[in-house]
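Summary of structural features
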Amino acid sequence: MTATAKTSDMVVFNYRRPVRARRVVLSGGTGLWLVEMLDRACQLWVWQDEWQAADAALERARRLSLMLD
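Below is a short write-up of the structure. What you are looking at is a predicted structure, and each value in this text was computed from that prediction instead of being measured.

Reading the values: the criteria
Along every chain, residues carry numbers that run from 1 in the direction the sequence is written. Thresholds applied to this predicted model are a pLDDT of at least 70 for local features of residues and 80 or more for the giving and counting of side-chain atom pairs; totals over whole chains, interfaces and linings are not thresholded and use all residues. Here the side-chain values reflect all heavy atoms present in the structure, with hydrogen atoms and water set aside. Labels follow the DSSP assignment, with helices taken as runs of H or I lasting at least four residues and strands as runs of E lasting at least two, numbered in each case from the N terminus. A contact between two residues is defined here by any heavy atoms of the two lying within 4.5 Å. The accessible surface values rely on the Shrake-Rupley method and a 1.4 Å probe; as for residues, cover is taken only from the protein chains in view. Each residue is assigned to one of three classes by its accessible area relative to the maximum for its type, calculated with a 1.4 Å probe on protein chains only: buried under 20%, partly exposed between the two thresholds, exposed over 50%. Contacts described as polar in this section are N or O atom pairs within 3.5 Å, which, within protein, must combine one atom able to donate a hydrogen with one able to accept it, while residues neighboring in sequence count only if both atoms come from side chains. Residues belong to one nonpolar core when they are buried, are Ala, Val, Leu, Ile, Met, Phe, Trp, Tyr or Cys, and are joined through side-chain atoms within 4.5 Å. A side-chain nitrogen of Lys or Arg and a carboxyl oxygen of Asp or Glu constitute a salt bridge if their distance falls within 4 Å.

Each helix and strand counted, the chain has one helix and four strands in total. From first element to last, N terminus to C terminus, the chain shows the α and β order β-β-β-β-α. Considering only residue pairs separated by 6 or more positions, the chain has 30% of its internal contacts joining residues 24 or more positions apart. As displayed, the chain offers around 4700 Å² of accessible surface, 55% of which is attributable to carbon and sulfur atoms.

Right under this line is the structure:
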């Protein structure tokens, strides 16, 4: 049995650095919000945090985006 996941919703903040919050729906219908920051050198999204609630994930992503490099 293989687990499949899909991204259903995503919000990107780009104040001082690109950060995104995206909801990943796992098999079985459960979901999780991932907060990821773009590593500019590698051009890869790097996991920062995860949340069950959208409001908390969006606030965390917004705050990370405001941080100085």
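Further notes follow.
When you line up the elements, Glu50 lands in strand β4 (residues 44-51). A relative accessible area of 39% places Glu50 in the partly exposed class. In sequence terms Glu50 and Val35 are 15 residues apart; their C-alpha atoms lie 5.8 Å from each other. If we ignore the near neighbours within four places in the chain, the residues touching Glu50 are Leu32, Trp33 and Leu34. One polar contact links Glu50 to Trp47, side chain to side chain, over a distance of 3.5 Å.

Quick look at the side chain of Arg17 now. By the element assignment, Arg17 lies in the loop between β1 (5-14) and β2 (18-26). On the basis of relative accessible area, Arg17 is assigned to the buried category, the value being 12%. A polar atom in the side chain of Arg17 sits 3.5 Å from the backbone oxygen of Met67.

The biggest cluster of nonpolar side chains holds nine residues, and these are Phe13, Val19, Ala21, Trp33, Val35, Met37, Ala57, Ala61 and Leu64. Within the residue set of this core, elements represented by two or more residues are β2, β3 (31-39) and α1 (54-66). Setting aside residues up to four positions removed in sequence, Met37 forms contacts with Arg17, Pro18, Val19, Leu44, Trp45, Val46, Gln48 and Leu64.

If the charged atoms of two oppositely charged side chains come close together, the side chains can form a pair. Here the structure, examined in full by the defined rule, presents five salt bridges. Across the pair Glu36 and Arg20 runs a salt bridge, and its minimum N-O distance is 2.6 Å. Residue Glu36 is found in strand β3, and its partner Arg20 is found in strand β2; the two are separated by 16 residues along the sequence. The pair formed by Glu36 and Arg20 is uniform in burial state, with each residue classed as buried. Here Glu36 makes a salt bridge to Arg22, at a shortest N to O gap of 2.8 Å.

Taken by themselves, the reported measurements are silent on function.
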